[in-house]
Protein chains: 2
Amino acid sequence: MGKSYKQYCALAKTFEIVGERWTPLIIRELMFGGRRFADLIEGLPGIGASVLASRLKDLESRELVYKAHLPPPAASSIYQLTERGASLGEKLLCLAEWGMELLGGKADDEVFQNRWILVHIKTAMDRELAEALSETYILKVDEDIYRIKVDHGELEAAQLIEIEKADAVITATAAVLLALHDNQLSFDDVVEQGVYKVEGELAAGRRFYELFIKAKRPTSTEVAA
Amino acid sequence: MGKSYKQYCALAKTFEIVGERWTPLIIRELMFGGRRFADLIEGLPGIGASVLASRLKDLESRELVYKAHLPPPAASSIYQLTERGASLGEKLLCLAEWGMELLGGKADDEVFQNRWILVHIKTAMDRELAEALSETYILKVDEDIYRIKVDHGELEAAQLIEIEKADAVITATAAVLLALHDNQLSFDDVVEQGVYKVEGELAAGRRFYELFIKAKRPTSTEVAA
DNA sequence: CCGGATCCGTAACGATACTG
DNA sequence: CAGTATCGTTACGGATCCGG
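Just so it is clear, the model here is predicted, and its values are computed rather than measured.

This next bit is on the interface of chain A and chain B. Many analyses report the size of an interface as the accessible area lost when the parts associate. Across the contact, 49 residues belong to chain A and 49 residues belong to chain B. Interface area lost by chain A to chain B is led by Tyr5(A), Tyr8(A) and Trp98(A), which between them contribute 20%. In this structure, the connection of chain A to chain B is made through 8 salt bridges. Linking Glu110(B) and Lys13(A) is a salt bridge whose minimum nitrogen-to-oxygen distance equals 2.3 Å. One can count 20 residue pairs in polar contact (both at pLDDT 80 or more) joining chain A with chain B. For the side of chain A that touches chain B, the secondary-structure elements that each account for two or more residues are helix H1 (10-18), helix H2 (23-30) and helix H5 (83-99) of chain A. A per-class count over the side of chain A that touches chain B returns 28 nonpolar, 9 polar and 12 charged.

So this is what it looks like as structure tokens:
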């Protein structure tokens, strides 16, 4: 695969793996559950099938990813993170946190997939607020359903097939969530307009917003001041 | 520069910068003080001058690095991290922490530079131990001198021109420090053999070892069990 | 349809040489 | 010392094709 840096340095060794094009994004895609080859192709627009195959082989050989052969009648196989691979994923979120400021409003030529909201949620969580909480939310974005569970600062997020019970079920479109995060809409407005629906406790729905969506970075008006 | 992923995702945006070959290592090189073009070439064996120039331009344009023109008679200029660049460096250390396990003993074809000990120290620090401490160490490795200051969990590390006073001055070769970290030598042995010299408080010299050098990962015997 | 392998044109990289 | 210029080699992106 890529050339080694030939340096006795932990940072260099890590970036021999994760510094190759697409590799960190492949790990991101696998962070919230196993995915098939075709799913990955779809989630990574622009990647070539040959590059993906090659990256997956490399990650398998390093035991960061393994291929699980589903029993018939599925007749398909999915790629999953090993425990070590998942621990790398957590570290990648450190960098995502740094990159949060690079994210202004979404440009027209940029792709966004609902699933990435979970990345956002895991990195943007207000840890101070989360310390005092123990709550489970269901988030419905378009056709996708996610479970987000906070337990005294610990966060668990996953994609679901069907709705489970939770302290609050929140329904919104990706556009609304992004606009909320970018401070283009206020929480009260979206609730009032019915585009951020909360079933269950309304206060829990607000806590979800405070925890995960509300921008922690300066708004454009604050920057101007 | 490198092609954009065209994804509205903080992780993708970050890796458009730091995912290019050499870029994370350039930031590593700048983490402990400004360096000249030629210094960088020397610290990054294998990089081409054209690639380095191009990476530095990119980092400058993103305001992660700036070029400081030293006043005459220095007649030279150095590259430095901006504050934002330094904050990225801190995040990179998260990944270095993950990669620590990839570091076995040093291979013969691998390069090692004394300065990287500071990377190691910043990522390997035993945080629990550090919480209770407030101490400054001088580390002399071959011709290089470093100041490492711990203050209740906060760590500050820099390269020095000359020795300052500190709680302990430790003198050792890089080979000894690496062998210590790899558990090939014990602390008591190296002190007794005089290859890990401590001026000042001996106990402080031992704390330095416990804090920064002692391997936190399983030894080969523990793995076998 | 899924999971690739193969081929091909283009862009990035590494090494060396050259310049202010 | 601080780069730029050139050139051969490698990696990537896109398309096509193939076996299960």
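On we go.
Before going further, it helps to examine the protein's contact with DNA strand C. Taken together, 16 residues sit near DNA strand C, with Ala38(A), Tyr79(A), Arg21(B), Gly46(B) and Arg55(B) positioned nearest. Atoms of DNA strand C within 4 Å of the protein: sugar and phosphate make up 88%, bases the balance. In this structure, a phosphate oxygen belonging to DNA strand C sits 2.4 Å away from a side-chain N or O atom of Tyr79(A). In this structure, Arg55(B) approaches DNA strand C through a side-chain N or O atom, which is 2.5 Å from a phosphate oxygen. Of all the elements in the fold, those that place two or more residues in the surface near DNA strand C are helix H3 (37-43), helix H4 (49-61) and strand E2 (77-81) of chain A together with helix H4 (49-61) of chain B. Sorting elements by how many residues they give to the surface near DNA strand C places H4(A) first, with 3 residues. For the surface near DNA strand C, a count of residues per class yields 6 nonpolar, 5 polar and 5 charged.

Turning our attention to the protein's contact with DNA strand D. Close contacts around DNA strand D come from 17 residues, with Arg21(A), Gly46(A), Arg55(A), Ser76(B) and Tyr79(B) the closest. In the interface set of DNA strand D, defined as its atoms within 4 Å of the protein, sugar plus phosphate atoms amount to 85%. The backbone of Gly46(A) places a nitrogen or oxygen atom 2.9 Å from a phosphate oxygen of DNA strand D. In the environment of DNA strand D, a phosphate oxygen lies 2.5 Å from a nitrogen or oxygen atom belonging to the side chain of Arg55(A). Mapped by element, the contributors of at least two residues to the surface near DNA strand D are H4 of chain A together with helix H3 (37-43), H4 and strand E2 (77-81) of chain B. Per-class residue counts for the surface near DNA strand D are 8 nonpolar, 4 polar and 5 charged.

This part covers a negative patch on the surface. All names here are of chain A. Together, Glu128, Glu131, Asp151, Glu154 and Glu156 line one region of the surface with negative charge. When contributions to the negative patch are tallied by element, the ones reaching two or more residues are helix H7 (127-131) and strand E5 (154-160). Structurally, Glu128 is set in helix H7. With relative accessibility at 72%, the residue Glu128 sits in the exposed group.

Residues and elements named next belong to chain A. What the 5 strands build is an open sheet, ordered E5-E4-E3-E6-E7; its pairing is mixed. Edge positions in the sheet fall to E5 and strand E7 (196-200), since each of these pairs with one other strand and no more. Within this sheet the neighbouring strands show an average axis-to-axis angle of 20°, counted without direction. Across 8 bridges, the pairing between strand E3 (residues 134-141) and strand E4 (residues 144-151) is antiparallel. From the neighbouring strand, Val141 faces E4, where its bridge partner is Asp144. Together, E3, E4, E5, strand E6 (168-172) and E7 form the strand contacts of helix H10 (residues 202-213), whose direction differs from that of E3 by roughly 85°.

Here the structure, examined in full by the defined rule, presents 17 aromatic pairs over all chains. Ring geometry for Phe112(A) versus Tyr8(B): centroids 6.1 Å apart, planes at 70°, classification edge-to-face. Highlighted residues: Phe112(A) in the loop between H5 and helix H6 (117-124) and Tyr8(B) in the segment before helix H1 (10-18), drawn from two different chains. Members of the aromatic cluster, joined through ring pairs, are Tyr8(A), Phe112(B) and Trp116(B). When the ring centre of Trp98(B) is taken as origin, the NZ or CZ atom of Arg84(A), which lies over that ring, is 3.8 Å away.

Turning one copy of the chain about an axis and sliding it along that axis gives the other copy, so a rotation and a shift relate them. Overlaying chain A on chain B yields an RMSD of 0.0 Å, the required transformation being a rotation through 180° with an accompanying axial translation of 0.0 Å. Taken together, the rotation and translation relating the two chain copies correspond to the operation of a two-fold axis. Of every C-alpha in chain A, the one belonging to Gly19(A) sits nearest the axis of rotation, 2.3 Å from it. A high fraction, 100%, of the interface residues of chain A reappear at the interface in chain B, so the copies pair face to face through one surface.

A few words on the domain arrangement of chain A. All names here are of chain A. We note that the domain assignment places domain 1 (10-102) and domain 2 (114-213) within chain A. Computed over C-alpha atoms only, the centres of domain 1 and domain 2 are separated by 25 Å. Contacts between domain 1 and domain 2 engage 10 residues on the former and 10 residues on the latter. Contact between domain 1 and domain 2 buries roughly 1000 Å² in total, counting both sides, with carbon and sulfur atoms accounting for 66%. Three residues, Phe32, Leu93 and Met100, lead the burial of domain 1 against domain 2; their summed loss comes to 57% of the area buried on that side. Note that Glu90 is salt-bridged to Lys122, the shortest N-O span being 2.9 Å. Put simply, domain 1 and domain 2 have 3 residue pairs in polar contact (both at pLDDT 80 or more) between them. Mapped by element, the contributors of at least two residues to the side of domain 1 that touches domain 2 are H2 and H5.

This part is about the confidence of the model for chain A. Residues and elements named next belong to chain A. Put simply, chain A has an average pLDDT of 91, and 93% of its residues get 70 or more. When mean pLDDT is compared element by element in chain A, H2 scores highest at 98, while helix H11 (residues 220-224) scores lowest at 47. Contacts for the low-pLDDT stretch residues 219-225, under 50 throughout, to residues beyond four places or in other chains number 2 contacts.

Moving on, we get to the packing of H5(A) against helix H5 (residues 83-99) of chain B. At a minimum axis separation of 9 Å, H5(A) and H5(B) run at an interaxial angle of 175°. Between H5(A) and H5(B), the angle is such that the two are roughly antiparallel. For the pair H5(A) and H5(B), the contacting residues are Arg84(A), Ser87(A), Leu88(A), Lys91(A), Leu92(A), Cys94(A), Leu95(A), Glu97(A) and Trp98(A) in the first and Arg84(B), Ser87(B), Leu88(B), Lys91(B), Leu92(B), Cys94(B), Leu95(B), Glu97(B) and Trp98(B) in the second. Among the residues forming the contact of H5(A) with H5(B), the class breakdown is 10 nonpolar, 2 polar and 6 charged.

Thresholds, definitions, all that
- Residues numbered from 1 in each chain as written.
- Chains lettered and ligands numbered in written order.
- Predicted model: local features only at pLDDT ≥ 70, side-chain atom pairs only at ≥ 80, totals over all residues.
- Heavy atoms only, no water.
- Contact = heavy atoms within 4.5 Å.
- Buried area = accessible area lost by both parts, 1.4 Å probe.
- Salt bridge = Lys/Arg side-chain N within 4 Å of Asp/Glu carboxyl O.
- Polar contact = N/O pair within 3.5 Å; in protein donor to acceptor, adjacent residues only side chain to side chain.
- Helix = DSSP H or I, 4+ residues; strand = E, 2+ residues; numbered from the N terminus.
- Nonpolar A, V, L, I, M, F, W, Y, C, P; charged D, E, K, R; others polar.
- Near = heavy atom within 4 Å.
- Patch = residues over 30% accessible without salt bridge, like charges linked within 9 Å, V, L, I, M, F, W, Y side chains within 5 Å.
- Areas by Shrake-Rupley, 256 points an atom, 1.4 Å probe, with all protein chains shown as cover.
- Lys, Arg positive; Asp, Glu negative; His and termini not counted.
- Charge placed at Lys NZ, Arg CZ, Asp CG, Glu CD.
- Buried < 20%, exposed > 50% of the residue type's maximum accessible area, 1.4 Å probe, protein only.
- Pairing = 2+ DSSP bridges.
- Axes fitted to C-alpha atoms, helices over the stretch in contact; angles between N-to-C directions.
- Phe/Tyr/Trp six-rings, centres within 6.5 Å; stacked < 30°, edge-to-face > 60°.
- Lys NZ or Arg CZ within 6 Å of the ring centre and 35° of its normal.
- Least-squares fit on C-alpha atoms with pLDDT ≥ 70 in both.
- Domains from an automatic or database assignment.
- pLDDT = per-residue confidence, 0-100.
- Parallel < 35°, antiparallel > 145°, perpendicular 65-115°, else oblique.

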